[in-house]
Amino acid sequence: MTGFASAPGAVAAQATTPRTGRRGSSDPRPRARLRSSLWALLFVGPLLFGVLVFYIWPIFRNAYFSFTTWGAFGGATWTGLDNYETMLGDPDFWRAIVNTLIYVGILLLGIPVAVLFAALINRPGLRFAAFYRTAFFLPYVAMPAAVAMVWRIIFNGDFGILNYTLSLVGITGPNWLSTEWFALLSVGLVGMWISLGFNLIVLSAGMRGIPPEMYEASTLDGASRTRQFFSITVPLLSPSIFFVSVMTVITGFQVFDLLYALMGTQNPAINQTQSLVYLFFAHQQAGDNGYAAAVGVAILLLVGVFTMLQFRMQKRWVTYD
C-alpha cells in the first residue's frame, strides 16, 4: 500500500523537475532561437548588404559631397554650406522645384482617371477585361526612350498628328515641346499616360477585394451604380488609392528619363521645364559635383517631407475597416 501511495508523488516530482540538455543546459530554447536567427541572417544578409552598399552608403556619401567643391581634374575640397547658399539663391533651383511640383500634380490628377477606368474594367460580365488591363499596362513596362520617340512625333509642331487633328477644326496648334508651358504640360500628360497602367492594376486588385455582398445589399436598397461607386467603391478603395498616391509623388519627384528623351538638351524650353533631377544631371555634367550633390540632398528632403505629410493626412480620408 505504501508503494502504491508514493507513486503519484514520484510522478509529480518528475513532472516538476526541469529537464536538462545534453550539455547541462536547463532550456534548449535560446540555442534554437540563435540557430533560427542565424538562418534568417543568412537569407536576409545578401539583401541587407545590397541595401547598405547601393542605397544607404550613397546617401551619406552624397551628403558629404554636398559640402565640398570639386576641381576640374577631380578632388574634393571642404567648403561647408557654400553649395547650399548658392543653391538657395539660384533661380533655376526654385524654378525646377515649381516644375517638379507641377509635374507631380499632373500625375496625381491621373489617379481619379485610373479609379474610373478600374471601375469600368471590373464591371461584372465585361468581356476582354484581361486584354484591357494588359493594354493599359504596356506603356508602363515599355522603354521610356521608345515611348518618348512616339510622343515626339505626335507633338511635333510641323507634321505631328496632334496639330493635324487640331487643324481639321480650324485650330493652329503650338510647338508643344519647344514652348515653355506647353512643354511642361506635354511631359506631364505623357507621364500620366504611362503611370495609368500601374495605377489601374493596383486599383483593380483593390476592387476585387471589396465584398460583393455590399453591392447586392445596396442594390436591394435601391442604390444606383453611381451611388455605389461613391459610397462603397471609393471609401473601401481608399487604402489602394493612398498607396498609389504615395508612389506617384515619389515617381514624380524622380522624373528625368522621360523629360530628357522628350525635350533633349538643345531644346530652347529645357531651362524653363527642367525638373530637380534634370538640374542635378546638368550640374553633374558640367563638373559641378558639389552643387549637384546639394540638389540631390534637396530632392531627398522634399520626397521625405511630402511622404510624411501624406502619411499624416491619411487618417482623415483612408478607411481601413
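All of these numbers come straight from a predicted model, not from anything done at the bench.

A few words now on the overall build of the protein chain. Scanning the protein chain from N- to C-terminus turns up 15 helices and two strands. Its C-alpha atoms give the protein chain a radius of gyration of 30 Å, clearly above 20 Å, the size a compact globule of 321 residues would have. Here the C-alpha coordinates of the protein chain stretch approximately 115 × 70 × 35 Å along the principal axes. Residue burial in the protein chain is summarised as follows: out of 321 residues, 33% are buried. Within the protein chain, counting contacts between residues at least 6 apart in sequence, those at least 24 apart form 66% of the total. When the accessible surface of the protein chain is summed, it comes to about 20,500 Å², and 68% of that surface belongs to carbon and sulfur atoms. Computed over 19 positive and 13 negative side-chain charges, the inter-centroid distance for the protein chain is 20 Å.

Moving on: unusual backbone geometry. Positive phi values are uncommon outside glycine, yet F128 reaches one of about 60°. Considering the arrangement of structural elements, one finds F128 in the loop between α4 (91–121) and α5 (129–141).

Remark: the empty space left among the atoms is shown by a probe the size of a water molecule rolled over them. Taken as a whole and assessed by the stated rule, the structure comprises one cavity of 30 Å³ or more. Elements that contribute at least two residues to the lining of the largest cavity include exactly α4 and α8 (180–208). Broken down by element, the lining of the largest cavity gets its largest block of residues, three residues, from α4. For the lining of the largest cavity, the residue count by class is five nonpolar, four polar and no charged.

Their axes nearest at 6 Å, the elements α5 and α8 cross at an angle of 135°. Taken together, the axes of α5 and α8 lie oblique to each other. As for how α5 packs across α8, the hand of that crossing is left-handed. Only W193, I194, S195, L196, G197, F198, L200, I201, S204 and R208 of α8 make contact with α5, whose side of the interface consists of R133, F136, F137, P139 and Y140.

Before going further, it helps to spend a moment on the nonpolar core. Ranked by size, the top nonpolar core spans 23 residues in total, and within it V187, V190, L258, L262 and M263 carry the most contacts. Mapped by element, the contributors of at least two residues to this core are α4, α6 (144–154), α8 and α12 (257–263). Residue contacts for L262: discarding those within four places in its chain leaves A148, W151, R152, L177, V187 and V190. Core analysis: the next-biggest nonpolar cluster, separate from the first, contains 18 residues, F93, V249, L276 and Y291 among them.

Parameters at a glance
Residues numbered from 1 in each chain as written. Predicted model: local features only at pLDDT ≥ 70, side-chain atom pairs only at ≥ 80, totals over all residues. Heavy atoms only, no water. Helix = DSSP H or I, 4+ residues; strand = E, 2+ residues; numbered from the N terminus. Rg over C-alpha atoms; globule rule 2.2 N^0.38 Å. Buried < 20%, exposed > 50% of the residue type's maximum accessible area, 1.4 Å probe, protein only. Contact = heavy atoms within 4.5 Å. Areas by Shrake-Rupley, 256 points an atom, 1.4 Å probe, with all protein chains shown as cover. Lys, Arg positive; Asp, Glu negative; His and termini not counted. Charge placed at Lys NZ, Arg CZ, Asp CG, Glu CD. 1 Å grid on protein atoms, 1.4 Å probe; cavity = no way out; pocket = protein on both sides within 12 Å on 5 of 7 lines; lining within 4 Å. Points joined across faces, edges and corners; volume = space filled by probe spheres on them. Nonpolar A, V, L, I, M, F, W, Y, C, P; charged D, E, K, R; others polar. Axes fitted to C-alpha atoms, helices over the stretch in contact; angles between N-to-C directions. Parallel < 35°, antiparallel > 145°, perpendicular 65-115°, else oblique. Left-handed = near helix turned anticlockwise from the far one by under 90°. Core = buried A, V, L, I, M, F, W, Y, C linked by side-chain atoms within 4.5 Å.

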